[in-house]
Amino acid sequence: YGVPARRDTQFRLITQPGAPTALQLAWVQPPDYTADSQAKRRRDLVDYLAMQAFNRRLYALSRASDAPFISAGSFKGDQIHSGNVTAIYVTARANGWQAALSATEQEARRAAEFGIRQDELDREVAEVRAALQVRAQQAATQRTPTIADELIGTVDPRQVITSNAQDLAFFEAQAKTFTTAEVSAALANAFKGAGPLVCMTSPVPIAAGQ
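Residues numbered from 1 in each chain as written. Predicted model: local features only at pLDDT ≥ 70, side-chain atom pairs only at ≥ 80, totals over all residues. Heavy atoms only, no water.

(A) Region of interest: the nonpolar core. Of all hydrophobic cores here, the largest spans 39 residues; its most connected members are Leu 23, Phe 54, Ile 88, Phe 171, Phe 178 and Leu 187. Within the residue set of this core, elements represented by two or more residues are strand S2 (22-29), helix H1 (38-62), strand S4 (83-91), helix H2 (97-114), helix H3 (118-137), helix H5 (164-175), helix H6 (180-190) and strand S5 (194-202). Of the residues forming this core, the biggest block, 8 residues, is contributed by H1. Sequence-distant contacts of Leu 187, that is, excluding residues within four places in its chain, are made with Ala 50, Met 51, Phe 54, Ala 111 and Ile 116. Core analysis: the second largest hydrophobic core is formed by 6 residues, Ala 26, Val 85, Ala 87 and Leu 197 among them. (Core = buried A, V, L, I, M, F, W, Y, C linked by side-chain atoms within 4.5 Å. Buried < 20%, exposed > 50% of the residue type's maximum accessible area, 1.4 Å probe, protein only. Helix = DSSP H or I, 4+ residues; strand = E, 2+ residues; numbered from the N terminus. Contact = heavy atoms within 4.5 Å.)

(B) Looking closely at the sheet that holds S2. Strands sit in the order S1-S5-S2-S4-S3 across an open sheet of 5 strands; the sheet is mixed. Strands with a single pairing partner mark the edges of an open sheet, and in this sheet they are strand S1 (10-15) and strand S3 (71-79). Across this sheet, the average inter-strand angle for adjacent strands is 15°, counted without regard to direction. Bridge analysis of S2 against S4 gives 8 bridges, and the strand direction is antiparallel. Bridge assignment links Gln 24 to a residue of S4, and that residue is Tyr 89. Relative to the sheet, H2 contacts S2, S4 and S5, its axis offset from that of S2 by approximately 30°. Relative to the sheet, H6 contacts S2, S3 and S4, its axis offset from that of S2 by approximately 105°. (Pairing = 2+ DSSP bridges. Axes fitted to C-alpha atoms, helices over the stretch in contact; angles between N-to-C directions.)

(C) Summary view of the environment of Gly 2. Its place among the elements puts Gly 2 in the segment before S1. Along the primary structure Gly 2 and Ser 82 are separated by 80 residues, whereas in three dimensions their C-alpha atoms are 6.4 Å apart. Dropping the residues within four chain positions of it, Gly 2 is found in contact with Pro 31, Tyr 33 and Ser 82.

(D) Summary view of H2. The first and last C-alpha atoms of H2 sit 26 Å apart over 18 residues, in line with the 26 Å expected at 1.5 Å per residue. Turning to H2, the residues buried within the fold contact S2, H1, S4, H6 and S5. Once H2 ends, the next one or two residues include Gly 115, with phi positive near 70°. (Expected span 1.5 Å × (residues − 1).)

(E) Examining the pairing of S2 more closely. Of all the 8 residues making up S2, 7 are buried; the element is thus mostly covered by neighbouring parts of the structure. With 6 bridges joining them, S2 and S5 adopt antiparallel strand pairing. Across the sheet, residue Leu 25 finds its bridge partner in S5, namely Val 198.

(F) Quick peek at the pattern of salt bridges. Going through the model one piece at a time under the given rule, you end up with 13 salt bridges. The closest approach of N and O atoms between Arg 41 and Asp 36, which form a salt bridge, is 2.8 Å. A salt bridge links Glu 150 to Arg 135; its shortest N-O distance comes to 3.4 Å. Highlighted residues: Glu 150 in helix H4 (residues 144-153) and Arg 135 in helix H3, separated in sequence by 15 residues. (Salt bridge = Lys/Arg side-chain N within 4 Å of Asp/Glu carboxyl O.)

(G) Looking closely at the packing of aromatic side chains. For the coordinates displayed, the defined rule picks out 4 aromatic pairs. Aromatic pair Phe 54 and Phe 191: ring centres 5.4 Å apart, planes at 65°, arrangement edge-to-face. In this pair, Phe 54 sits in helix H1 while Phe 191 sits in the loop between H6 and S5, placing the two residues 137 residues apart along the sequence. Take Phe 54: its relative accessible area is 0%, and that puts it in the buried class. A residue is classified by how much of its surface remains accessible, and Phe 191, at 12% relative accessible area, is buried. Here Phe 75 and Tyr 89 contribute two aromatic rings whose centre-to-centre distance is 6.1 Å and whose plane-to-plane angle is 10°, an arrangement assigned as stacked. Of this pair, Phe 75 sits in strand S3 while Tyr 89 sits in strand S4, and the two are 14 residues apart along the sequence. Overall, Phe 75 belongs to the partly exposed group, its relative accessible area being 29%. Residue class for Tyr 89 comes out partly exposed when judged on its relative accessible area of 40%. Taken together, the ring pairs connect Trp 27, Phe 54 and Phe 191 into an aromatic cluster. (Phe/Tyr/Trp six-rings, centres within 6.5 Å; stacked < 30°, edge-to-face > 60°.)

Structure follows, in structure tokens:
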């Protein structure tokens with residue numbers, strides 16, 4: 001807990017027979033201790049839209065004929081109140097970790113420098129809207145244990161419980177004001193902080209180790 005230590009790029013290699021050839025890149029920032037509010041929820045929405053747009057780019061890379069990795073995905077979020085972490089998880093082909101690491105790092109730098117396009121933002125807004133609309137329509141059929149879990153889940157992070165209809169209404173109000181500049185800035189900020197901290201698992205030893 002507390003302010004994360006300042007660290008530049010670091011590497012860790014874990015060799016385990018049978019393990020996948022996989023990489024994790026992480027950037028660590030101080031946690032957000034501010035109370036739940038509309039402003040905080042809006043920031044979280046902007047962060048989510050930014051990371052979803054980035055994830056779609058990673059997915060497109062994985063589907064290319066000359067794909068540098070098998071799969072990749074990213075997220076940004078609070079980790080048990082000890083740090084706000086941006087992480088990218090990559091599954092590489094056997095003996096293909098260098099291409100996977102290079103492509104992932106380049107894509108992160110490209111996103112941070114050039115941001116996202118309007119069509120990318122529009123697509124992610126539409127995806128979130130559709131999901132919230134479905135939740136609002138299904139509110140009357142929610143099971144009691146699901147509602148209880150949501151209530152309990154708000155205690156530790158000190159969040160205010162809101163209904164599915166309220167969540168949709170809040171999103172619709174905010175969606176009118178999202179801009180590519182704002183979401184691009186959030187994406188660039190995601191790759192700041194301590195790091196990148198790179199951890200790799202491999203089923204066989206790697207020449208030169210760390």
